[in-house]
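Overview (structure and organization)
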Amino acid sequence: MTKNDKIRLVFLTALVAAITALHYLTGTEKAHFHDIYRRLYYLPIVLGGLWFLLRGGLITSLVISAIYMPHIIFQWGHHPASAPEQYLEVLLYNVIGFVTGFLTQAERRQKNRYQCTAKRLEQSFAALRRQADQILEVEEQLRRADRLSALGELSAELAHEIRNPLGSIRGTAEILQDGIDPSDRRHEFAQILVREVERLNRVVEQFLDFARPAKVERSFFNPTQVLEDVFSLVERQADKQGVVLEKRGDAGLVVGDGEQLKQVFLNLVLNAVQAMPEGGRLDVGLQRGPEHVEITFNDTGPGIAPEHLERIFTPFFTTRTDGIGLGLAITQRLVKKNGGALSVTSEPGRGTTFVLTLVPAETTEDS
């Protein structure tokens, strides 16, 4: 029994005791008062039925009947004319107790059924909502598959159209390189041109393979050296925009395709530089742990809005008017192909941090 039920029970007991006391302490010559008192018994009977259902209504009416009967027999025995009315009142006590308790119990059961039904409906709604979320997720995957399919077709056409000019550029650069004295600084520029054309050709092939799995030849490379090469490529553009490039730490040898991960570094550095057209700072930190190498790219740009943060690795999603939304999608794919992971955190107005984790060479050798 709850605390509330105990309070109700004490109240009913006190109410019945008070009405009974009025009956027994009031003389029979005040018949009109007794008419009021015996009708007051209906109050605890109704409350008993409302609070304690059928059992409460019947018990209350039976207790009142038992208490009231001696009053009828002994105090009203010398008034035979009033006895039938009072006995009828006792009968009505029990009828009212039964009806009140029965109706309240029926209403309570109906309420419980409604609550159970409402609970089942809520559970069904939650299940439907989960199914709807799954359907939306499947639809998003299908849309992504459609975009990847379109990307595959577009890549095939672009690869054919780009490779021919690249071949011409490389051939021209080699001719220029052969005609320049090796001591001339322009000879170094020609070498860079040839090397970057080769890398661009590999990028085109990777772009072509984006929509389908590709094999990766695992080897070892030094991310510090690769990062220095990337900084030398981006240094002119960074200086023009007033962006300071800073590198700290060392990672040693790392497992992966050096050329593919050079493209990853270049994409991340270029993204950071392009995000700071009015100047800023890009800090790249390399830290080697026992199980992974962590490389952080932390810029002081405007940051990424929360509603865009979860979609930046989605193909064709971009916030730049001149972008096509493939840079970070390709970057993430290359990282996964090399056994790494790429995550991002950002705070609007305070910059963005990309965290790249790779496998150190010693971990692979030990395994």
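For the structure, see preceding data.
As the structure is a computational prediction, the values presented were derived from the model and not from experiment.

Our next topic: the overall build of the chain. What the chain contains, in helices and strands, is 10 helices and 7 strands. Considering the chain as a whole, with its 367 residues, one finds that 36% of them fall into the buried category. Sequence separation of at least 24 residues holds for 73% of the intrachain contacts in the chain that already meet a minimum separation of 6. Working note: accessible area of the chain is about 21,900 Å², and carbon and sulfur atoms make up 58% of it.

This paragraph deals with the packing of aromatic side chains. What characterises a pair of aromatic rings is the spacing of the ring centres plus the angle enclosed by the ring planes. Applying the stated rule across the entire model yields 9 aromatic pairs. Look at Tyr42 and Tyr93: their rings are 5.2 Å apart centre to centre, the planes differ by 75 degrees, and that puts the pair in the edge-to-face class. Separated by 51 residues along the polypeptide, Tyr42 in helix H3 (residues 42–75) and Tyr93 in helix H4 (residues 83–178) bring together distant segments of the chain. Grouping residues by exposure puts Tyr42 and Tyr93 together as buried. One aromatic cluster is present, formed by Tyr41, Tyr42, Tyr68 and Tyr93 through successive ring pairs.

Spatially, E2-E4-E5-E7-E6 is the arrangement adopted by the 5 strands of the open sheet, whose pairing is mixed. Two strands close off the open sheet at either side, each with one partner strand: strand E2 (243–249) and strand E6 (341–347). Averaged over all neighbouring strand pairs, the angle between strand axes comes to 15 degrees, with direction disregarded. Examined bridge by bridge, E2 and strand E4 (residues 280–288) share 7 bridges and lie parallel to one another. The residue of E4 that forms the bridge with Arg248 is Gly285. Where helix H7 (residues 258–274) meets the sheet, its contacts fall on E2, E4, strand E5 (293–299), E6 and strand E7 (351–358), and the angle it forms with E5 comes to roughly 25 degrees. Helix-sheet contacts for helix H9 (residues 327–337) involve E6 and E7, and the interaxial angle to E6 is about 140 degrees.

This paragraph deals with the nonpolar core. Residues Phe265, Val269, Ile295, Phe297, Phe354 and Leu356 are the most contacted members of the largest nonpolar core, which totals 39 residues. Mapped by element, the contributors of at least two residues to this core are helix H6 (223–241), E2, H7, E4, E5, H9, E6 and E7. Ranked by residue count, the leading element in this core is H7, at 8 residues. Residues contacting Phe265, with those up to four places away along its chain left out, are Phe221, Pro223, Val226, Leu227, Val230, Ile295, Phe297 and Leu356.

Structurally, Val197 can be placed in helix H5 (residues 185–208). Here Val197 falls in the buried class, since its relative accessible area comes to 7%. Remark: the alpha-carbon pair of Val197 and Gly171, spanning 26 residues in sequence, is separated by 10.0 Å. If we skip the residues at most four places from it in the chain, Val197 touches Leu166, Ile169 and Arg170.

This brings us to the pairing of E5. Within E5, 5 of the 7 residues are buried, leaving the element largely enclosed by the surrounding structure. Between the antiparallel neighbours E4 and E5 lie 4 residues. Examined bridge by bridge, E5 and E7 share 6 bridges and lie antiparallel to one another. When the sheet's bridge partners are listed, Asn298 is paired in E7 with Thr353.

Two numbers describe how helix H1 (residues 3–25) lies on helix H2 (residues 31–40): the axes approach to 9 Å, and their chain directions differ by 160 degrees. What the angle tells us is that H1 and H2 run roughly antiparallel. Our pair here, H1 against H2, has a crossing hand that is left-handed. In this structure, H1 uses Ile19, Leu22 and His23 to contact H2, whose residues at the interface are His34, Tyr37, Arg38 and Leu40.

Most of H9 is tucked away: 8 of the 11 residues are buried. Turning to H9, its buried residues number three or more, namely Leu328, Ala329, Ile330, Thr331, Gln332, Leu334, Val335 and Lys337.

We now examine the packing of H7 against H9. In helix packing, the relevant descriptors are the interaxial angle and the interaxial distance, both defined with respect to the helix axes. Here H7 crosses H9 at 145 degrees, and the two axes come no closer than 9 Å. Read as a crossing pair, H7 and H9 show a hand that is left-handed. Within the contact between the two elements, H7 uses Gln260, Gln263, Val264, Asn267, Leu268 and Asn271 and H9 uses Gly327, Leu328, Thr331, Leu334, Val335 and Lys337.

Conventions we followed
- Each chain carries its own residue numbering, running from 1 in the direction its sequence is written.
- Owing to the predicted nature of the model, reporting of local features is limited to residues with pLDDT of at least 70; listing and counting of side-chain atom pairs is limited to 80 or more, with chain, interface and lining totals taken over all residues.
- Excluding hydrogens and water, the side-chain values take into account all heavy atoms of the structure.
- Only runs of H or I of at least four residues qualify as helices and only runs of E of at least two qualify as strands under DSSP, and these elements are numbered from the N terminus.
- Only protein chains enter the accessibility calculation, which uses a 1.4 Å probe; a residue whose area is less than 20% of its type maximum is buried, one above 50% is exposed, and one in between is partly exposed.
- By definition in these notes, contact holds between two residues if any of their heavy atoms fall within 4.5 Å.
- Calculation of accessible area relied on Shrake-Rupley with a 1.4 Å probe; when residues are assessed, cover is drawn exclusively from the protein chains displayed.
- For Phe, Tyr and Trp, rings pair up if their centres lie within 6.5 Å, where Trp contributes its six-membered ring, and each pair is then called stacked (planes under 30 degrees apart), edge-to-face (over 60) or tilted (otherwise).
- For two strands to pair, DSSP has to find at least two bridges joining them.
- Here the axes come from fitting lines to C-alpha atoms, over the contacting stretch only for helices, and the angles between their N-to-C directions go from 0 to 180 degrees.
- Among buried residues, the Ala, Val, Leu, Ile, Met, Phe, Trp, Tyr and Cys ones that are joined through side-chain atoms within 4.5 Å form a nonpolar core.
- Under this scheme an angle from 65 to 115 degrees is roughly perpendicular, one under 35 degrees roughly parallel, and one over 145 degrees roughly antiparallel; angles in between are oblique.
- By definition, any crossing whose near helix is turned counterclockwise from its far helix by less than a right angle is left-handed, and any crossing with a clockwise turn is right-handed.

Functional significance is not addressed by these values, which are geometric in nature.
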